[in-house]
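# Residue-level structural notes
Single-letter residue listing:
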Amino acid sequence: MKKLEKPQFDMETIIDNCLVHMQNPRKKRITLVKEKIKKKTEEYDELAQHGQLHIIPEHDTIDNIATKEDMEALYTQRFVPKNQPNRAFYDKILALAPYGKCPYCQQNLVKTVDHFLPKSKYVAYTVTPYNLIPACSDCNTGKLDSTFHNRVEEPFHPYYDNFDDCVWLKAKLIEMEPVSFQFYADPPIDISEEKRQRISHSFSEQGFCLNNIYKLHAAEEYCSRETRLKECFQKGKKELAVEVLQDLIKDEKSISLNSWKTALYQSIIDSEWYWNEYLPEICKGKD
Ligand SMILES: [Zn+2]
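Predicted model only: the values in this text are computed from it and were never measured.

## Observations concerning the coordination of the zinc ion
Six octahedral donors around a metal ideally subtend angles of 90 or 180 degrees, whereas four tetrahedral donors ideally subtend 109.5 degrees. For the zinc ion, the protein coordination sphere consists of Cys 102 (SG), Cys 105 (SG), Cys 136 (SG) and Cys 139 (SG), at 2.3 to 2.4 Å. Each of the four donor atoms bound to the zinc ion contributes to angles spanning 104 to 112 degrees, and the resulting shape is tetrahedral.

As structure tokens, this is what we get:
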């Protein structure tokens, strides 16, 4: 889970762009709530900074004037289509993710924009830039319209949270053939209990189901490394092969403390079964 720069867009411009060529009575309704949308955007930023997005009640109109359909139309007709003026903002949101990688899983490529507070239940934030997150299809679909009503259930928010200031992502090598891996969150005890619970919750199936994404890629990554590990093991036993894994860990850690690859390599180093039974056996098979 990777922190991103918060988008700094002018809400006035975004709403005015939305209103161009819009027909009445929708135009009239949106114009009536324009100031309210701007105020709600500022409130969102303030609440998010204090970890209080969960106190915002679900709602399906803005002041009983603009409807959910009105706001949906702003987004789907004025924000997303390529020929609309607000598309530049949409593209800028996609571009906030370094190397195009999804900030939730840090693995898949960004393909969509996720509404952190779902637009179906939090109508006022349908075009609020702070609520629009670049995401991969898996993370966006997994999140769907799920909501949260306390701080612990509040998923990782890339514009306001930093979960990469301590190591919490771990993996376990499953000791049977073919070698596979399971990932889990194990936050350190010297951070706040609230943050520990939020990291675990965001990682879990109620959050972004990250184990499901990582274990698939891990199997492939391991296969691509096995030949080299075998060769090193035959040449210099465990010590030489561990050196290779430690070099890989060093490279990964320079990018992120919680890379699934780091967790994967470390789990290989830590498995007695791998070094004492599995690797000697497959090396023998090769001879
Ligand atoms: Zn993702």
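## Things to note about the UniProt feature "domain: HNH" (unreviewed entry) in the protein
The sites that UniProt annotates as "domain: HNH" (unreviewed entry) are residues 102-143. Along residues 102-143, the helical share is 17% and the strand share 19%, with 13 Å between the first and last C-alpha atoms.

## Overview of the nonpolar core
The biggest cluster of nonpolar side chains holds 89 residues, and the ones touching the most others in it are Tyr 44, Tyr 104, Phe 181, Phe 183, Tyr 214, Tyr 274 and Trp 275. Take this core: its biggest share by element is 14 residues, from helix α7 (residues 210-253). Summarising the domain contributions, this core has at least three residues from each of domain 1 (11-143) and domain 2 (169-286). Tyr 274 has contacts with Leu 173, Val 179, Tyr 222, Leu 229, Ile 268, Leu 279 and Pro 280, leaving out every residue within four places of it along the chain.

## As for α7
Over its 44 residues, α7 extends only 19 Å from the first C-alpha to the last, a length that falls short of the 64 Å expected when each residue adds 1.5 Å. A maximum bend of about 135 degrees is found in α7 at Gly 236.

## Overview of the domain arrangement of the protein
Each assigned domain of the protein is listed with its residue range as follows: domain 1 (11-143) and domain 2 (169-286). Just the C-alpha atoms count here: the centres of domain 1 and domain 2 sit 37 Å apart. Across the boundary between the two partners, domain 1 contributes eight residues, which contact seven residues of domain 2. A combined buried area of about 710 Å² lies between domain 1 and domain 2, and 61% of that area is made up of carbon and sulfur atoms. Of all residues in domain 1, Tyr 104, Cys 105 and Gln 107 give up the largest surface area on contact with domain 2, accounting jointly for 53% of the area buried on that side. The interface formed by domain 1 and domain 2 contains zero salt bridges. Inspection of the domain 1/domain 2 interface yields three residue pairs in polar contact (both at pLDDT 80 or more). A per-class count over the side of domain 1 that touches domain 2 returns three nonpolar, three polar and two charged.

## Considerations on the packing of helix α1 (residues 11-19) against helix α2 (residues 26-49)
The axes of two packed helices give the description: the angle between them and the distance between them. Taken N-terminus to C-terminus, the directions of α1 and α2 make an angle of 160 degrees; their axes are 10 Å apart at the nearest point. Considered as vectors, α1 and α2 are oriented roughly antiparallel to each other. At the point where α1 passes α2, the crossing takes the right-handed sense. In contact with Met 11, Glu 12, Ile 15, Asp 16 and Leu 19 of α1, α2 contributes Lys 27, Ile 30, Thr 31, Lys 34, Ile 37, Lys 38 and Thr 41.

Cut-offs used in this document
- Residues numbered from 1 in each chain as written.
- Predicted model: local features only at pLDDT ≥ 70, side-chain atom pairs only at ≥ 80, totals over all residues.
- Heavy atoms only, no water.
- Donors = N, O, S within 2.8 Å, 3.2 Å for Na, K, Ca; no water.
- Tetrahedral: all angles 85-135°; square planar, octahedral: opposite > 155°, others 65-115°.
- UniProt positions renumbered as here; feature names shortened; annotations may be inferred.
- Helix = DSSP H or I, 4+ residues; strand = E, 2+ residues; numbered from the N terminus.
- Core = buried A, V, L, I, M, F, W, Y, C linked by side-chain atoms within 4.5 Å.
- Buried < 20%, exposed > 50% of the residue type's maximum accessible area, 1.4 Å probe, protein only.
- Domains from an automatic or database assignment.
- Contact = heavy atoms within 4.5 Å.
- Expected span 1.5 Å × (residues − 1).
- Bend = angle between axes of the 7 residues up to and from the residue.
- Buried area = accessible area lost by both parts, 1.4 Å probe.
- Salt bridge = Lys/Arg side-chain N within 4 Å of Asp/Glu carboxyl O.
- Polar contact = N/O pair within 3.5 Å; in protein donor to acceptor, adjacent residues only side chain to side chain.
- Nonpolar A, V, L, I, M, F, W, Y, C, P; charged D, E, K, R; others polar.
- Axes fitted to C-alpha atoms, helices over the stretch in contact; angles between N-to-C directions.
- Parallel < 35°, antiparallel > 145°, perpendicular 65-115°, else oblique.
- Left-handed = near helix turned anticlockwise from the far one by under 90°.

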